[in-house]
Amino acid sequence: FFFSRKIARLGAPPLLHLRSRPSAMPAEPAAAHAAEKPPLTSDYLDCAQLRFSLGCTTVADKAPLKAQLLKQIEEKEMAPFYRATCEALGWEADAALLAKLEAANATELARLSDAIKTAEESEGESEICSAMLAKAEFLMRIGERAKALAALEETYAKTVGLGPKLDLLLTKLRLALFFDDKKLTADTIDAAKGLLDQGGDWERRNRLKVYEAVFHISTRSFKKAADLLLDSVATFTATELISYNTFVLYTVTTSLLSLPRADLKSKVIDAPEILQVLGEIPHLANLLNGLYECRYRTLMEALVGIVDSLYADRYMHAHTRFYWRELRVLAYNQFLESYRSVSLAGMATSFGVSADFLDKELSGFIAAERLSCKIDKVNLVVSSTRPDKQSAQFHSAIKQGDLLLNRLQKLSRVINV
């Protein structure tokens, strides 16, 4: 059976080629000196995703991904990133290519430094900030983490106005996410929220929600991520961070674990912004509708495919097994709510697995107190032992009370010492 075979291996396919959704409204210019800059794209963070995929042992065909990454490195002249990538992946660095990239970096850095010097000598504050930002963005682009961060901090100190400052913090967030620096990401999000409390436009506010949601996904705070993503569905503009299809993938997968059935229907299944691309993302429609419509075989088949996509995603990779387990628990609980008892073979048929596999699966979840049921091994029947709501609340209160008493006792020992 497909499901029991999947337990032993979680695969990772090549990167999905996902399209970006156009902005809901035109973005307000951050500042006069940034008005003519080209629109932001996700190319920068795509490089981090490509390197991550190449490091996944379960990716079968890495040649196209390697060629794509090397093309990006050469086009963007990312000498420090290329050096770090070779060290991380065990590649032998191309000495000629590295020398070429380093020479190009040195030339461009000299030009940018001269531009800053000229601006300081003969131009105004706006031109100085623009020149400093250009250098910071260049250092960020080539993968010089420490120097880019210092340059961004220096530029931020000279920048005036909420809009430009928020844009700098969003740039800093992309740097933090590129290098998977969770502390820097959390601190920068807090700083951006502080500025938004003083004002700020809706477009930057909504973009920050997506950045924060991606951070929560990386730390397994799926409920917080789902709330932020759902708030941004109708106004998504953060295409420099993720594509719209990836945004929908994150929204649906986190909502499945976070929302009750009624909210799942109104906020996800019936959302036109999600429906317009749901069919473009493999297995996602079957995962969503399979759970809501109680088509458990379809759900499990889709879950096998979705897990592959999540395993290859740099933000979801560490939480793939958690997601794999929690969605199965959710499906089993939903199925058992409809029955006082059901034959093991009948339940196995509904989920598309063998009776032996389901027996072992349910036993583990029952022992961990994740399922309220018991298995009659003689008659091969699964019986629900779910308590009524009042009893469940009573036992929960008793359990929480015991935990509180234990903590108070530990605290009293510390105080007495």
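All values derive from a computational prediction rather than experimental measurement. (Residues numbered from 1 in each chain as written. Predicted model: local features only at pLDDT ≥ 70, side-chain atom pairs only at ≥ 80, totals over all residues. Heavy atoms only, no water.)

### Things to note about the pairing of strand β3 (residues 381–384)
Next up, step 1: Both strand β1 (residues 341–343) and β3 contribute to a ladder of three bridges, which runs antiparallel. Note that in β3 the partner of V342 across the bridge is V382.
Next up, step 2: Alignment of strand β2 (residues 373–376) against β3, held across four bridges, turns out to be antiparallel. Within β3, the position partnered with I375 by the bridge is V382. (Pairing = 2+ DSSP bridges. Helix = DSSP H or I, 4+ residues; strand = E, 2+ residues; numbered from the N terminus.)

### Regarding a nonpolar patch on the surface
Next up, step 1: A cluster of nonpolar side chains, contributed by L404, L405, L408, L411 and I415, occupies part of the molecular surface with about 510 Å² of accessible area.
Next up, step 2: Mapping L408 onto the fold places it in helix α20 (residues 389–416).
Next up, step 3: Its relative accessible area of 47% is what places L408 among the partly exposed residues. (Patch = residues over 30% accessible without salt bridge, like charges linked within 9 Å, V, L, I, M, F, W, Y side chains within 5 Å. Areas by Shrake-Rupley, 256 points an atom, 1.4 Å probe, with all protein chains shown as cover. Salt bridge = Lys/Arg side-chain N within 4 Å of Asp/Glu carboxyl O. Buried < 20%, exposed > 50% of the residue type's maximum accessible area, 1.4 Å probe, protein only.)

### Let's talk about the nonpolar core
Next up, step 1: Ranked by size, the top nonpolar core spans 114 residues in total, and within it L287, Y332 and M347 carry the most contacts.
Next up, step 2: Excluding residues within four positions of it along the chain, M347 makes contact with Y332, F335, L336, V342, L358, L362 and V382.
Next up, step 3: A119, I128, A131 and M132 belong to the second largest nonpolar core, which has five residues in total. (Core = buried A, V, L, I, M, F, W, Y, C linked by side-chain atoms within 4.5 Å. Contact = heavy atoms within 4.5 Å.)

### Quick notes on the pattern of salt bridges
It is possible for side chains of opposite charge to pair when their charged atoms get near one another.
Next up, step 1: According to the stated counting rule, one finds 23 salt bridges in the structure shown.
Next up, step 2: Across the pair R207 and E240 runs a salt bridge whose closest N-O atoms are separated by 3.0 Å. With R207 in helix α10 (residues 202–218) and E240 in the loop between α11 (222–231) and α12 (244–258), the pair connects residues that are 33 residues apart, well separated along the chain. For the pair R207 and E240, a shared accessibility class is recorded, and that class is buried.

### So, the packing of aromatic side chains
Next up, step 1: Per the counting criterion, the structure on display carries 14 aromatic pairs.
Next up, step 2: Where Y244 meets F247, the ring centres are 5.6 Å apart and the plane angle is 25 degrees; that geometry is what we call stacked. A residue pair is termed a helical-turn pair when its members lie 3 or 4 positions apart in one helix, as Y244 and F247 do in helix α12 at three residues. The exposure classification of Y244 matches that of F247, with both residues buried.
Next up, step 3: Taking 5.4 Å as the distance between ring centres and 65 degrees as the angle between the ring planes, the aromatic pair formed by F335 and F351 counts as edge-to-face. Highlighted residues: F335 in helix α17 (residues 320–336) and F351 in helix α18 (residues 344–351), separated in sequence by 16 residues. Judged on exposure class, the residue F335 and its partner F351 are both buried.
Next up, step 4: When the ring centre of Y156 is taken as origin, the NZ or CZ atom of K165, which lies over that ring, is 5.3 Å away.
Next up, step 5: One Lys or Arg, R261, reaches over the ring of Y292 and ends 4.4 Å from the middle of that ring. (Phe/Tyr/Trp six-rings, centres within 6.5 Å; stacked < 30°, edge-to-face > 60°. Lys NZ or Arg CZ within 6 Å of the ring centre and 35° of its normal.)

### Examining the confidence of the model for the chain
Next up, step 1: Confidence in the prediction for the chain averages 87 pLDDT; 89% of positions are at 70 or higher.
Next up, step 2: Segment residues 1–35: pLDDT under 50, and 91 contacts once partners within four positions in sequence are set aside and those in other chains are kept. (pLDDT = per-residue confidence, 0-100.)

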